[in-house]
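# Coordinate analysis (summary)
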Amino acid sequence: MSKTYPASDEFIANAHVNAAQYEEMYAASVADPDAFWAEHGKRIDWIKPFTKVKNTNFEFGKVDIKWFEDGTLNVAANCVDRHVATRGDQTAIIWEPDDPKTPARHITYAELKDEVSRMANVFKAQGIGKGDRVIIYLPMIPEAAYAMLACARIGAVHSIVFAGFSPDALANRINDCGAVAVITADTAPRGGRRTALKSNADKALFDCSDKVKCFVVKHTGDQTTWVEGRDLDVKAMMADASTDCPPEEVGAEDPLFILYTSGSTGRPKGVVHTSGGYLVYAAMTQELTFDYHDGDIFWCTADVGWVTGHSYIVYGPLANGATTIMFEGVPTYPDAGRFWEVCAKHKVNQFYTAPTAIRALMGQGPEWVEKHDLSSLKLLGSVGEPINPEAWNWYNTHVGKGKCPIVDTFWQTETGGHMVTALPGATPAKPGAATKPFFGVQLEVLDPATAEVQTETAAEGVLCVKDSWPGQMRTVWGDHERFMETYFSQYKGYYFTGDGCRRDADGDYWITGRVDDVINVSGHRMGTAEVESALVAHETVAEAAVVGYPHDIKGQGIYAYVTLMNGIEPTDELRKELVKWVRTEIGPIASPDLIQWAPGLPKTRSGKIMRRILRKIAENDYGALGDTSTLADPSVVDDLIDNRMNRA
Ligand code: WTA
């Protein structure tokens, strides 16, 4: 039996949901989803109230997902305007800059409304309107939130590209969604260094239509090139713009945003989230999972370039009228106490981060935490990958001082919000387990080979979901077939998460990691196929196969087997050159940690690479490679073992 950690009696007494309420509400949410969500759909303001609630179909070939379909609303009005009357002077966003010597900024709901309206008017003046796509390529500055909400205000669809992505990756996304504009900044300070974002955007735009506009936030004031007629100084234009911009009425199922994410095959997919269901789900999970109460200061350390930043820095908290922190920097700058300094400075109540950050800080020693007053903290959250026991204990002891419930939240870009998580007043934490499904989420564990539903409580298999929830993605941008193929073809009638899981005798869920060719590097998803195609694009590379391997800090590292063109000398310089190449092709998060020169790859006679073998060797677990008799040339395996790079 795993040890469990319940919240204190006092926490439970004040919590939005206790154990009995969870049971009752969960049962109601699956017994009658229409009634349940009709009620919870009321947590946001509708222009025209919905009369239909759920209209969803998971049948392969006919997958169709609609929630609140005849309702109309405006997401920005929900996240901003509706709070102005009651809490106009309350801080909506606390912006904490990269350099701690630069003062933080507090943006009230009233100010937020003005800024968002001004930016929306700037967009409108350039002809941007309902349904148009706008790419946001910004650092973690308030303008990123303004841009998201300005798009929502006019019914435009935003797609954020993480500022760590390369010009190529940016260009692909601009072109895939047919964006009419990009908004970027001159340069982005992070950890004391600066990324030349505008210059990246310039490079990307070479590969895009000349009609794409480029809004530039002059953030640092660094010099950039300037293309007359294309580049627009968005801050200067906002200064002259009106603060009056009536929110556009959009349908519940009109897209709110597209977010590109990696999968097993091909290029990243544009995950489409729509307006009504997504907002209801983001808001409800933010309030209940973190037990957020009015007046609390909420800090999610993610970047708005990832889904966690969408749902738990911007949409969820702001829909609830919360105070949310946006942090421009990194956990280790100027020193390893930065997170805790910020928690103390802004009296943070709920803190939400990734295991990779905890492991990195744990390695620096507890003295960095102990220096700061963390008495404001009430709850801690974890997201992005399973949290290992050492990291959990360190988080609990040194950050939470043994008094903060820890919620381990399992979810995905595709799910819009939390799927499996403890609710702190209801579910005792169990280190390493994501525990219980959120309301309306019907989990099933399936046998990966037979697709049989595991009916015993204690079970192991792949994690699937039986029916829709409001935050679910609706389609892949421009490719509904790919949506159905990716998520609904393997296990008919179910949404397949791509993750393996174990359900213990208490009915708690433990996520065991991806069962497909996606690797989870520092809580970020990377498709092995993407890294492979970047590698083979280099003139010296004939073939490449990429797998994940256990990495102390990152969770998983990127391990690349590379076969060079005939006559090319494998040198350390070339290794460095290839790492640099992948960084410029995709971005630093895709950098291979280890590259092994492979004179040959283990292939079946039909030419299929046997990744299972490559994974084992990368894990330094080459003793039990299993059956290699189907290989065309079994001797390549010996060479790969002899020259393996991970000997840990
Ligand atoms: C993994 C991030 C274990 C999982 C919100 C999933 C987790 C992928 C957890 C989605 C967790 C996320 N425990 N694994 N608490 N949270 N994952 O789309 O493999 O960037 O499929 O969304 O991260 O990553 P994504």
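The protein chain carries the name Acetyl-coenzyme A synthetase in an unreviewed UniProt entry, which gives Roseinatronobacter ekhonensis as its organism. The heading Sequence similarities (unreviewed entry) in the UniProt record of the protein chain holds the text "Belongs to the ATP-dependent AMP-binding enzyme family."

A word on the sheet that holds strand β14 (residues 255-261). The strand order across the open sheet built from 8 strands is β12-β11-β8-β6-β7-β14-β15-β23, with neighbouring strands paired in mixed fashion. Because the sheet does not close on itself, it has two edges, and the strands there are β12 (231-233) and β23 (475-476). Bridge count for strand β7 (residues 157-160) against β14 is 2 bridges, and the pairing is parallel. Paired with H158 across the bridge in β14 is F257.

The next thing to look at is unusual backbone geometry. Here Y333 and P334 are connected by a cis peptide whose omega angle stands at -5 degrees. Position of P334 among the secondary structure elements: in the loop between β17 (323-327) and α12 (338-346). Unlike most non-glycine residues, D291 shows phi in positive territory, near 45 degrees. By the secondary structure assignment, D291 is in the loop between α10 (276-289) and β16 (297-300). Although it is not a glycine, K401 sits at a positive phi angle of roughly 50 degrees. Its place among the elements puts K401 in the loop between α15 (389-399) and β20 (406-409).

What the rule picks out here adds up to 36 salt bridges. D506 is the salt-bridge partner of K430, the closest N and O atoms lying 2.7 Å from each other. Taken together, the residues span a long stretch of sequence, with K430 in the loop between β20 and β21 (443-446) and D506 in the loop between β24 (495-503) and β25 (509-514) at a distance of 76 residues. When its relative accessible area of 3% is taken as the criterion, K430 is described as buried. One salt bridge connects K430 with D508, and the closest N-O pair in it is separated by 2.7 Å. Taken as a pair, K430 in the loop between β20 and β21 and D508 in the loop between β24 and β25 lie far apart in primary sequence, 78 residues in all. The class of D508 is buried, set by a relative accessible area of 6%. Via salt bridges that share partners, K430, K436, D504, D506 and D508 belong to a single interconnected network.

It is worth spelling out the environment of K198 at this point. With respect to the helices and strands, the residue K198 is situated in helix α8 (residues 197-205). Taking the C-alpha atoms as reference points, K198 and T224, separated by 26 residues in sequence, lie 6.8 Å from one another. Apart from residues lying up to four places away in sequence, K198 is in contact with T184, A185, D186, C214, V216, T224, T225, W226, R230 and D231.

It is worth spelling out the UniProt feature "domain: Acetyl-coenzyme A synthetase N-terminal" (unreviewed entry) in the protein chain at this point. As annotated in UniProt, the feature "domain: Acetyl-coenzyme A synthetase N-terminal" (unreviewed entry) corresponds to residues 22-79 in the numbering used here. Regarding residues 22-79, the helix share stands at 40% and the strand share at 17%, and the terminal C-alpha atoms are separated by 27 Å.

Scanning all chains against the criterion turns up 43 aromatic pairs. An angle of 50 degrees between the planes, with centres 6.1 Å apart, marks the rings of W37 and Y281 as tilted. Linking W37 in helix α3 (residues 33-40) with Y281 in helix α10, this pair joins segments that are 244 residues apart in sequence. When its relative accessible area of 1% is taken as the criterion, W37 is described as buried. What makes Y281 buried here is its relative accessible area of 0%. When the centroid spacing of 5.1 Å and the interplanar angle of 85 degrees are considered together, the rings of Y312 and W411 count as edge-to-face.

Below, the discussion takes up the nonpolar core. Counting 121 residues, the largest nonpolar core has L112, F123, L149, I183, Y315 and F439 as the members making the most contacts within it. Tallying contributions element by element places helix α6 (residues 142-154) first for this core, with 10 residues. Residues within four places of F123 in sequence aside, it is in contact with I128, A147, A150, C151, I154, I183 and F215. In terms of nonpolar packing, the next biggest core, distinct from the first, is built from 47 residues, A169, A171, L535 and A544 among them.

Around the ligand, the surrounding shell holds 17 residues, and the nearest of these are D408, T409, T413, D499 and R514. At 2.8 Å, a backbone N or O of T409 approaches a nitrogen atom of the ligand. Here F410 contributes a backbone N or O atom positioned 3.5 Å from a nitrogen atom of the ligand. In isolation the ligand has 530 Å² of accessible area, and contact with the protein removes 96% of it.

So, about the sheet that holds strand β19 (residues 379-383). Here we have 7 strands laid out as an open sheet, ordered β5-β4-β17-β16-β18-β19-β20, and mixed in their pairing. At either margin of the open sheet sits one strand with a lone partner, and together these are β5 (105-108) and β20. Here the strands of the sheet are splayed against their neighbours by 20 degrees on average, with no regard to which way each runs. Two strands pair when backbone bridges link them, and strand β4 (residues 91-96) and β17 are joined in this way by 4 bridges, in the parallel orientation. Paired with I93 across the strands is T324, a residue of β17. On top of the sheet, α12 reaches β4, β5, β16, β17 and β18 (350-353); it is set at about 145 degrees to β4, its chief contact.

Reading the values: rules and limits
- Residues numbered from 1 in each chain as written.
- Predicted model: local features only at pLDDT ≥ 70, side-chain atom pairs only at ≥ 80, totals over all residues.
- Heavy atoms only, no water.
- UniProt positions renumbered as here; feature names shortened; annotations may be inferred.
- Pairing = 2+ DSSP bridges.
- Helix = DSSP H or I, 4+ residues; strand = E, 2+ residues; numbered from the N terminus.
- Salt bridge = Lys/Arg side-chain N within 4 Å of Asp/Glu carboxyl O.
- Buried < 20%, exposed > 50% of the residue type's maximum accessible area, 1.4 Å probe, protein only.
- Contact = heavy atoms within 4.5 Å.
- Phe/Tyr/Trp six-rings, centres within 6.5 Å; stacked < 30°, edge-to-face > 60°.
- Core = buried A, V, L, I, M, F, W, Y, C linked by side-chain atoms within 4.5 Å.
- Near = heavy atom within 4 Å.
- Polar contact = N/O pair within 3.5 Å; in protein donor to acceptor, adjacent residues only side chain to side chain.
- Areas by Shrake-Rupley, 256 points an atom, 1.4 Å probe, with all protein chains shown as cover.
- Axes fitted to C-alpha atoms, helices over the stretch in contact; angles between N-to-C directions.

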